[in-house]
Amino acid sequence: MELTEAIFQRHSYRGAYADRPVPREHLRQIMEAGLAAPSGCNKQTTFLIGVDDRALLRDLLDIMDPPACATAPAAILVLTRRRIAYTDGNGVPRCYAVQDYAAAIENMLLTVTALGYASCWIEGHITDADEQGRRMAERLNVPAEYELICILPVGVPLDDMKLPRKRDFSQRACFNGWSITPF
Ligand SMILES: Cc1cc2nc3c(=O)[nH]c(=O)nc-3n(C[C@H](O)[C@H](O)[C@H](O)COP(=O)(O)O)c2cc1C
């Protein structure tokens, strides 16, 4: 699939998945695309755990409340280590961990799409007061300095993709100076 085709075909999928395993090489290909993303000062603050063991995946998905992607045959867990990238001229430490993992996640979502799978960036409830991410990390023996921030289910979709409404180009982008129509 062409890159631009994957960009425009990618959408968040929240339906059921086929009961069909994701080959390890596909999972690895998706994870390698995530690790290929840029990172601030090349600090490479994003870490990934692929899960294709059904029993383990079930344990992890059981932690999710509200339930999500319950039928996914595989998932990629995204972790960050919030390292300082550099200290600016005012002595303020700058951390780009969020930007780093966002870039990695988008690369993975595009590769998921290009390989004919579906996924969804699931971050809500993972890092908030529910601490579902921390409980998943404990189940996976993740050291304390790594924060589990997102789960990406991976699988063959059974349902149609529901397309969200996106604003018109002119409401969010323009050329040569601000001429955006506010919404
Ligand atoms: C930072 C971030 C967190 C998100 N968290 C969730 C989530 O917890 N659950 C969910 O169903 N979708 C989540 N999404 C997906 C968005 O809801 C989705 O991208 C948006 O509605 C636009 O739809 P699209 O992805 O199909 O273009 C998240 C997306 C981002 C970028």
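Check the entry above for the structure.
Residues numbered from 1 in each chain as written. Predicted model: local features only at pLDDT ≥ 70, side-chain atom pairs only at ≥ 80, totals over all residues. Heavy atoms only, no water.

J.: Any chance you could explain the site of the ligand here in plain terms?
T.: What surrounds the ligand is the set Arg10, His11, Ser12, Arg14, Cys120, Trp121, Ile122, Glu123, Gly124, Pro164 and Lys166. Within the contact set of the ligand, an oxygen atom lies 2.9 Å away from a side-chain nitrogen or oxygen of Arg10. For the ligand, whose free accessible area comes to 620 Å², the fraction covered by protein is 62%. Looking at the shell around the ligand, its residues break down into four nonpolar, three polar and four charged. (Near = heavy atom within 4 Å. Polar contact = N/O pair within 3.5 Å; in protein donor to acceptor, adjacent residues only side chain to side chain. Areas by Shrake-Rupley, 256 points an atom, 1.4 Å probe, with all protein chains shown as cover. Nonpolar A, V, L, I, M, F, W, Y, C, P; charged D, E, K, R; others polar.)

J.: Help me understand the packing of aromatic side chains in this model?
T.: The final tally for this structure, using the stated rule, is four aromatic pairs. Ring centres 5.1 Å apart and planes at 80 degrees place the aromatic pair Tyr13 and Tyr17 in the edge-to-face group. We classify Tyr17 as buried; its relative accessible area is 4%. On the numbers, 5.0 Å between centres and 85 degrees between planes, the contact of Phe47 with Tyr146 is edge-to-face. (Phe/Tyr/Trp six-rings, centres within 6.5 Å; stacked < 30°, edge-to-face > 60°. Buried < 20%, exposed > 50% of the residue type's maximum accessible area, 1.4 Å probe, protein only.)

J.: Can you help me understand a nonpolar patch on the surface in this one?
T.: Together, Leu3, Ile7 and Phe8 make up a nonpolar patch on the protein surface, roughly 340 Å² of accessible area in all. The residue Phe8 is located in helix H1 (residues 3-9) in this model. The exposed category is assigned to Phe8, whose relative accessible area is 68%. (Patch = residues over 30% accessible without salt bridge, like charges linked within 9 Å, V, L, I, M, F, W, Y side chains within 5 Å. Salt bridge = Lys/Arg side-chain N within 4 Å of Asp/Glu carboxyl O. Helix = DSSP H or I, 4+ residues; strand = E, 2+ residues; numbered from the N terminus.)

J.: Sorry if this is basic, but what is going on with the pairing of strand S5 (residues 147-154) here?
T.: A regular strand places its side chains so that they alternate between the two faces of the sheet. Buried residues dominate S5, accounting for seven of its eight residues. Two elements, strand S2 (residues 74-80) and S5, share seven bridges in a ladder whose sense is antiparallel. Of the residues in S5, the one forming a bridge with Ile76 is Leu152. (Pairing = 2+ DSSP bridges.)

J.: What am I meant to see in a positive patch on the surface here?
T.: A contiguous patch of positive charge on the surface is contributed by Arg165, Lys166, Arg167 and Arg172. Looking at the secondary structure, you find Lys166 in the loop between S5 and helix H6 (169-172). (Lys, Arg positive; Asp, Glu negative; His and termini not counted. Charge placed at Lys NZ, Arg CZ, Asp CG, Glu CD.)

J.: So what exactly am I meant to see when it comes to the nonpolar core here?
T.: Within soluble globular proteins, side chains that are nonpolar tend to cluster in buried spots. Grouped together as the largest cluster of nonpolar side chains are 24 residues, with contacts concentrated most on Met64, Cys69, Leu77, Met136, Leu148 and Ile151. Only helix H3 (54-63), S2, helix H5 (132-139) and S5 provide two or more residues apiece to this core. Ile76, Leu109, Val112 and Ile149 belong to the second largest nonpolar core, which has 20 residues in total. (Core = buried A, V, L, I, M, F, W, Y, C linked by side-chain atoms within 4.5 Å.)

J.: Hey, could you run me through the packing of helix H2 (residues 24-35) against helix H4 (residues 97-114) in this one?
T.: A pair of packed helices is captured by two measures, namely the crossing angle of their axes and the spacing between those axes. At a minimum axis separation of 7 Å, H2 and H4 run at an interaxial angle of 145 degrees. For the crossing formed where H2 meets H4, the hand is right-handed. Judged by residue contacts, Gln29, Ile30, Met31, Ala33 and Gly34 of H2 engage Ala104, Asn107, Met108, Thr111 and Val112 from H4. Counted by class, the contact of H2 with H4 contains six nonpolar, four polar and no charged residues. (Axes fitted to C-alpha atoms, helices over the stretch in contact; angles between N-to-C directions. Left-handed = near helix turned anticlockwise from the far one by under 90°. Contact = heavy atoms within 4.5 Å.)

J.: Is there a simple way to think about the pattern of salt bridges in this case?
T.: Two side chains bearing opposite charge may form a pair once their charged atoms approach each other closely. Taken as a whole and assessed by the stated rule, the structure comprises nine salt bridges. A salt bridge links Asp19 to Arg54, with the nearest nitrogen and oxygen atoms 3.2 Å apart. Of this pair, Asp19 sits in the loop between H1 and H2 while Arg54 is found in helix H3, placing the two residues 35 residues apart along the sequence. Since its relative accessible area comes to 41%, Arg54 is described here as partly exposed.

J.: What is the right way to look at H4 in this model?
T.: Helical geometry: 3.6 residues make up each α-helical turn, so side chains three or four residues apart lie on a common side. For H4, built from 18 residues, the straight-helix expectation of 26 Å at 1.5 Å per residue is met to within 8% by its first-to-last C-alpha distance of 26 Å. Restricting attention to buried positions, one finds in H4 the residues Ala97, Asp100, Tyr101, Ala104, Ile105, Met108, Leu109, Leu110, Thr111, Val112 and Thr113. Looking at the buried side of H4, the elements it contacts are H1, H2, strand S1 (46-51), S2 and S5. Remark: Gly116 follows H4 within two positions and exhibits a positive phi of approximately 90 degrees. (Expected span 1.5 Å × (residues − 1).)

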